[in-house]
Amino acid sequence: MAGNSFGQIFRITTYGESHGIGIGVIIDGCPAGLEILEHDIQMELNRRKPGQSDIVSPRKEMDKCQILSGVHNGFSMGSPIHIFVPNDDARPEEYSDIANVFRPSHADFTYFSKYGVQGVSGGGRSSARETIARVAGGAVAKALLKRHNIKMAAYVSQVGKIKIPPDTKIDTSLIENNSVRCPDQKTAEEMIQYINHLKENGDSTGGVISCVIENCPIGLGEPVFDKLHADLGKAMLSINAVKAFELGSGFAGVEMKGSEHNDVFITEGQEVLTKTNYSGGIQGGITNGMPILFRVGFKPVSTISKPQDTIDHDGKNAIVQAKGRHDPCVVPRAVPIVEAMAALVLADHLLRAKISKL
Ligand SMILES: Cc1cc2nc3c(=O)[nH]c(=O)nc-3n(C[C@H](O)[C@H](O)[C@H](O)COP(=O)(O)O)c2cc1C
C-alpha cells in the first residue's frame, strides 16, 4: 500500500489501523528549536476524538498522545518526531455482521478488489481513525505557523441544506462554543437538531467546512505543479469523505463576469491589498498576502443503521445494516482535520520558500 506520506520538506508518514494497537505519525523535516508541547497536540486530538458530544460517534477513545522521539524538554531536536496514540476502545466484533458484505459507498469493495482483504474492522486504513495521525502532525505544523504569526480557523458553515446565512459576519472566537463548531449560534442549533433527527432515524448527512488563514506571507507556493491551492486541494481531498474543494469564489465564480470577479489592487501605506478576495488569497499558485479562503465539502457517511441492498464477497445479493458506532455527520469532528492538513501544506511551503531566492 503506497502513499502513506505527505509533504516534501515538512513530511509526515502515518501508520496504523482502526482496530489495531494504535495509530501514529512520523514527522520528518521539522526544524530544531521549535516548542512542541504534548498538551497542544492533545488539545487538537480532543477536538477530533469520538464521544466528545451527542452528535458524533459514541466510540469512547482517550486518544492520548505519546511523543516517542524527536522532542527534548519541549523543543524539537531536528530529528524525526514520532507521535503514537493507542486504540483503547476497539471492538472488531461489532463489525462481524458486515465482514462479508460491501457497505455501499464505503471503501470495502475497492479495498477488497485491490488488496484481497476488506480491512473491515473499522475500515482498516480507510477508517477516519487514520486522521488522528494527521491531526498530531498538524499540531506540530501549527507550532511552526505560530512562529510566523500565521492564524488559521476552520468552522462548519453548512450541514445538509442548513447554511450560515450569506453576509453573516463570522466571529471565529465562537467556533468552539457549540458541539457542531458553527460560529453562528442560531444556525448551529438548527444543525444540531437536524443531526439528532438523522441519528434517531439511522441516517447521515453531509456538510461544508470553511477555512480562513490570515497573516500568510506573500510568496508561498510553487507556480507549476505545486501551486499552493493544488497542494491544499490534494490535502483536503485526501481526507475521508471529502468530495469537493473550492478556493475563493470557487464554482460561484463561473457565473460572474471578469469585471466583477477581478480583485482590484489597492495600497494601504506600504501594504498591497485587494478590494475583493475572490482569488481566495492565491494567484498563480502563490499567496498574495490576502486571507486564504477555501471550503471543503463532505458527503453523508455511508455507514448507516437503515437496511440497504448490497452484495457479498461472492457477488450475491445481501442486506447490510450497521450496528457499529458511527458518525451521523462528520463535519464537527473534521474541523481540526481540515486545519491540520492546511497547516501541513503551509509548513511545507514555508520551508520550501526559504530556498526560492538568494
Ligand atoms: C472525522 C470522520 C469520521 C468519520 N466517521 C465515519 C463513520 O462513523 N462511518 C462511516 O461510514 N464513515 C465515516 N467517515 C468516512 C469514511 O472514513 C469514508 O467515507 C471512507 O473511508 C470511504 O472513503 P470516501 O468516502 O472518501 O470515498 C468519517 C470521516 C471522517 C473525516
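Here, every reference points to the structure presented above.
What counts as what
- Residues numbered from 1 in each chain as written.
- Predicted model: local features only at pLDDT ≥ 70, side-chain atom pairs only at ≥ 80, totals over all residues.
- Near = placed C-beta within 6 Å.
- Helix = DSSP H or I, 4+ residues; strand = E, 2+ residues; numbered from the N terminus.
- Nonpolar A, V, L, I, M, F, W, Y, C, P; charged D, E, K, R; others polar.
- Pairing = 2+ DSSP bridges.
- Contact = placed C-beta atoms within 7 Å.
- Axes fitted to C-alpha atoms, helices over the stretch in contact; angles between N-to-C directions.
- Buried ≥ 20, exposed ≤ 12 C-beta atoms within 10 Å, placed from the backbone.
- Parallel < 35°, antiparallel > 145°, perpendicular 65-115°, else oblique.
- Left-handed = near helix turned anticlockwise from the far one by under 90°.
- Core = buried A, V, L, I, M, F, W, Y, C linked by C-beta atoms within 7 Å.
- Expected span 1.5 Å × (residues − 1).

(A) Geometry of the site of the ligand. Taken together, 21 residues are adjacent to the ligand, and Ala 128, Asn 240, Val 301, Thr 303 and His 326 come closest. Per-element tally for the shell around the ligand: the top contributor is helix α7 (residues 331-353), with three residues. Partitioning the shell around the ligand into residue classes produces eight nonpolar, ten polar and three charged.

(B) Molecular detail of the sheet that holds strand β16 (residues 292-298). Taken in spatial order, the five strands of this open sheet run β9-β8-β10-β16-β11, and their pairing is antiparallel. The sheet is open, and its two edges are formed by β9 (162-163) and β11 (242-247), each paired on a single side. Sitting on the sheet, helix α5 (residues 228-237) is in contact with β11 and β16, with an inclination near 155° to β11.

(C) Layout of the pairing of strand β8 (residues 151-159). Summarising burial for β8: seven of the nine residues are buried, a large majority. In the sheet, β8 pairs with strand β10 (residues 207-214) via eight bridges, with the strands oriented antiparallel. Its bridge partner lying in β10, Val 159 is registered against Gly 207. Two elements, β8 and β9, share two bridges in a ladder whose sense is antiparallel. Paired with Val 159 across the two strands is Ile 162, which belongs to β9. Counted between consecutive antiparallel strands, the loop separating β8 from β9 contains two residues, among which Gly 160 sits at a positive phi close to 55°.

(D) Up close: the packing of helix α1 (residues 38-48) against helix α3 (residues 131-147). Orientation of α1 relative to α3, taken along the N-to-C sense of each, is 140°, at an axis distance of 9 Å. Our classification of the angle between α1 and α3 gives oblique. Along this stretch, α1 crosses α3, giving a crossing that reads as right-handed. The segment α1 lies against α3, with Asp 40, Ile 41, Glu 44, Leu 45 and Arg 48 engaging Thr 131, Ile 132, Val 135, Ala 136, Gly 138, Ala 139 and Ala 143. Residues of the contact of α1 with α3, tallied by class, amount to seven nonpolar, two polar and three charged.

(E) Layout of the nonpolar core. Within the largest apolar cluster, 79 residues are counted, with the highest numbers of intra-cluster contacts made by Ala 136, Ile 209, Val 338, Met 341, Ala 342 and Leu 344. Residue contributions to this core peak at 14 residues, all from α7. Not counting the four nearest positions on each side in its chain, Val 338 is found in contact with Ala 154, Ile 209, Cys 211, Met 236, Ile 239 and Val 296. One finds Ile 98, Phe 102, Ile 304 and Val 320 within the second-largest nonpolar core, a separate group that totals six residues.

(F) Focus on the sheet that holds strand β1 (residues 5-6). Strand order in the open sheet formed by five strands is β1-β2-β3-β7-β4, with antiparallel pairing between adjacent strands. Edge positions in the open sheet fall to β1 and β4 (66-69), since each of these has one partner strand only. Strand direction decides the pairing type here: strand β3 (residues 22-28) and strand β7 (residues 81-86), joined by six bridges, are antiparallel. Within the sheet, the bridge partner assigned to Gly 24 lies in β7 and is Phe 84.

(G) Molecular detail of unusual backbone geometry. Non-glycine residue Asp 63 carries a positive phi angle of around 50°. Within the secondary structure, Asp 63 is located in the loop between α1 and β4. The phi dihedral of Asn 149 falls on the positive side, at around 60°, and the residue is not glycine. Residue position: Asn 149 is located in the loop between α3 and β8. With 10 C-beta atoms counted inside 10 Å, the residue Asn 149 sits in the exposed group.

(H) Structural detail: α7. In a regular helix each residue adds 1.5 Å, so 23 residues correspond to 33 Å; α7 covers 32 Å between its end C-alpha atoms and thus fits that length. Of all the 23 residues making up α7, 20 are buried; the element is thus mostly covered by neighbouring parts of the structure.

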